[in-house]
Amino acid sequence: MHLLLEFLLSLMKIGWICLLAFWKFFNPFKSKKNLERDIVLITGAGSGIGRLMAIRFAKLGAKLILWDINREANEAVATEIRELSKIAHPYVVDCSKREEIYRVAEQVKREVGEVTVLVNNAGVISGKKFFDVADKMADLTLQVNTAAHFWTVKAFVPAMIAKNRGHILTIASSAGMFGVAGLMDYCASKHGAVGLHESLTSELHTLGMDGVKTTLVCPYYINTGMFNGVKTRLPRILPILKPEFAVNKIMEAFHSDQYLLMTPRILYLFYLLQPILPKYAMLEAGKFFGVDRSMDTFVGRQKND
Ligand SMILES: NC(=O)c1ccc[n+]([C@@H]2O[C@H](COP(=O)([O-])OP(=O)(O)OC[C@H]3O[C@@H](n4cnc5c(N)ncnc54)[C@H](O)[C@@H]3O)[C@@H](O)[C@H]2O)c1
């Protein structure tokens, strides 16, 4: 095709996609997806936003596959879901171990069926300054927060592609978009998850898989316990989020097939400014908002040493 014609066609497609996105954003008649036919797998379902998402998905009628390293917590979430007369299958999985992910993935397919919604949520944090992080902990952070996404995607996404139907949610973090002092291993792992998610989305698009949706979730700190002790200087503008609020936003993003969710909204402004402003101007802005020292008071769950 003539290059100019191709260019005009691309321009029309781009315009159409932007119009659709605009409509989706402002559409006052937003509807929820019916998940009666769906099997939703959530890693790290035993606590925090993983647990809350599991309950929300179950209420929408989906069968839940709960993965967590913590057997007791995972079983407790399964019980909560069954008490709602919904279906939950808990599995103990250490997401830092590739072979374990593949083995349990096969077990899930045999025992429950093909996963149609994959939520890569399990995460760990050392909360140490880079030179204080034990090598083992930095390794674990990369394994759980990044590498596990590779293995779950490889295990479950081919079946979505075969039917051109499915959804992958990557629970990354604003630390996957910006670098934060005291979070080097965590930031690196979340930037990895963001990169993985972006290229997965490109690959699905290249394959013409318009029925397999992807949602990248990049929240600021959430009050789940994982980041216990962190401080924000201007809570009205850059608040530490309530887990329920974060999960409301995630579910909205899921229902509307939103590609990128950053919350609170001011993060979109930082994201926009990041490539425009000089790096040290951004760091000064971070200082003003207290982000630079936010990790100084971190205590976390104090079990990852
Ligand atoms: N809490 C925050 O401030 C915050 C902010 C942005 C992004 N996130 C991300 O959201 C996700 C959920 O975090 P949360 O705040 O609910 O934390 P959380 O600690 O409450 O939940 C994490 C879950 O992952 C599980 N897990 C840890 N290691 C695992 C492993 N090796 N295999 C399987 N499961 C494992 C834990 O047992 C736990 O149930 C994480 O990926 C986190 O990085 C959290």
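Going by the structure above, here's the rest.
These figures come from a predicted structure and were not determined experimentally.

Enquirer: Would you take a moment to explain the site of the ligand for this structure?
Expert: In the vicinity of the ligand, 29 residues are found, and the nearest of them are Asp-68, Tyr-186, Ile-222, Thr-224 and Arg-301. In the environment of the ligand, an oxygen atom lies 2.6 Å from a nitrogen or oxygen atom belonging to the backbone of Ile-222. In isolation the ligand offers 820 Å² of accessible surface; the protein chains occlude 95% of this area. Every element with two or more residues in the shell around the ligand is listed here: helix H2 (48-59) and helix H6 (184-206). Of the residues assigned to the shell around the ligand, the class counts are 16 nonpolar, nine polar and four charged.

Enquirer: When you look at the sheet that holds strand S3 (residues 88-92) in this model, what are you seeing that I'm missing?
Expert: Hydrogen bonds between backbone groups are what pair the strands of a sheet, and the pairing can be parallel or antiparallel. The sheet built from seven strands is open, its strands ordered S3-S2-S1-S4-S5-S6-S7 with parallel pairing. Of all strands in the sheet, those bounded by a partner on one side alone are S3 and strand S7 (260-263). Strand-to-strand, the axes of this sheet are offset by a mean angle of 15 degrees, without reference to chain direction. Helix H3 (residues 71-83) rests against strand S2 (63-68) and S3 of the sheet, and its axis sits at about 175 degrees to S3. Sitting on the sheet, H6 touches strand S5 (166-171) and strand S6 (212-219), and the angle it makes with S6 is about 160 degrees.

Enquirer: Looking at this structure, I do not really get the packing of H2 against H3. What am I missing?
Expert: For any two helices packed against each other, one specifies the inter-axial angle together with the distance between the axes. For the pair H2 and H3, interaxial distance at closest approach is 10 Å and the crossing angle is 25 degrees. Between H2 and H3, the crossing angle belongs to the class labelled roughly parallel. Once H2 is placed against H3, the crossing between them reads as right-handed. Mapping the contact onto sequence places Arg-51, Ala-54, Ile-55 and Ala-58 in H2 and Val-77, Glu-80 and Ile-81 in H3. Tallied by class, residues from the contact of H2 with H3 come to five nonpolar, no polar and two charged.

Enquirer: Teacher, can you tell me more about the side chain of Ser-294 here?
Expert: On the secondary structure map, Ser-294 appears in the segment after helix H9 (279-288). Taking relative accessible area as the criterion, Ser-294 reaches 1% and is therefore assigned buried. A distance of 2.8 Å separates a polar atom in the side chain of Ser-294 from a polar atom in the side chain of Tyr-221. Once residues within four sequence positions are removed from consideration, Ser-294 is found in contact with Val-180, Tyr-220, Tyr-221, Val-230 and Lys-231.

Enquirer: Which parts of the structure should I look at to understand a nonpolar patch on the surface?
Expert: A contiguous nonpolar surface patch, about 490 Å² in accessible area, is contributed by Leu-4, Phe-7, Leu-8, Leu-11 and Ile-14. Take Leu-4: it is sitting in helix H1 (residues 3-26). Overall, the relative accessible area of 53% leaves Leu-4 in the exposed class.

Enquirer: Is there a simple way to explain the pairing of strand S1 (residues 39-43) in this structure?
Expert: Put simply, side chains in a regular strand alternate between the two faces of the sheet. Most of S1 sits out of view: five of its five residues are buried. Direction of pairing for S1 relative to S2: parallel, over a ladder of five bridges. Counterpart to Val-40 in the pairing with S2 is Leu-64. The parallel pair S1 and S2, bridged by H2, forms a crossover whose chirality is right-handed. Examined bridge by bridge, S1 and strand S4 (residues 117-120) share three bridges and lie parallel to one another.

Definitions and cut-offs
The written sequence of each chain sets the order in which its residues are numbered from 1. For a predicted model such as this one, the threshold for reporting local features is a pLDDT of at least 70, and the threshold for listing and counting side-chain atom pairs is 80 or more; totals across whole chains, interfaces and linings nevertheless cover every residue. As a rule here, side-chain values cover all heavy atoms of the structure and leave hydrogens and water aside. The nearness test applies per residue and asks whether one of its heavy atoms lies within 4 Å of the molecule or strand. Here a polar contact means two N or O atoms within 3.5 Å. Within protein one must be a hydrogen donor candidate and the other an acceptor candidate, and residues neighboring in sequence count only if both atoms are side-chain atoms. Accessible surface area values rest on a Shrake-Rupley calculation with a 1.4 Å probe, where residue burial reflects the displayed protein chains alone. Runs of H or I in DSSP of at least four residues are treated as helices and runs of E of at least two as strands, each being numbered from the N terminus. Note on residue categories: nonpolar means Ala, Val, Leu, Ile, Met, Phe, Trp, Tyr, Cys or Pro, charged means Asp, Glu, Lys or Arg, and polar means any other residue, Gly included. The pairing criterion for strands is at least two bridges between them, as found by DSSP. All axes are obtained by fitting lines to C-alpha atoms, using only the stretch in contact for helices, and the reported angles, taken between N-to-C directions, cover 0 to 180 degrees. Contacts are assigned to residue pairs with any non-hydrogen atoms lying within 4.5 Å of each other. Every angle not falling under 35 degrees, over 145, or within 65 to 115 is termed oblique; those three ranges are roughly parallel, roughly antiparallel and roughly perpendicular. By definition, any crossing whose near helix is turned counterclockwise from its far helix by less than a right angle is left-handed, and any crossing with a clockwise turn is right-handed. Here's how the labels work: a residue is buried when its accessible area is under 20% of the maximum for its type, exposed when over 50%, partly exposed in between, all with a 1.4 Å probe on protein chains only. Like-charged residues are merged into a patch within 9 Å and nonpolar side chains (Val, Leu, Ile, Met, Phe, Trp, Tyr) within 5 Å, provided each residue has over 30% relative accessible area and no salt bridge. Think of a salt bridge as a Lys or Arg side-chain nitrogen and an Asp or Glu carboxyl oxygen that are within 4 Å of each other. A clockwise path from the first strand over the helix to the second, with the strands pointing away from the viewer, defines a right-handed crossover.

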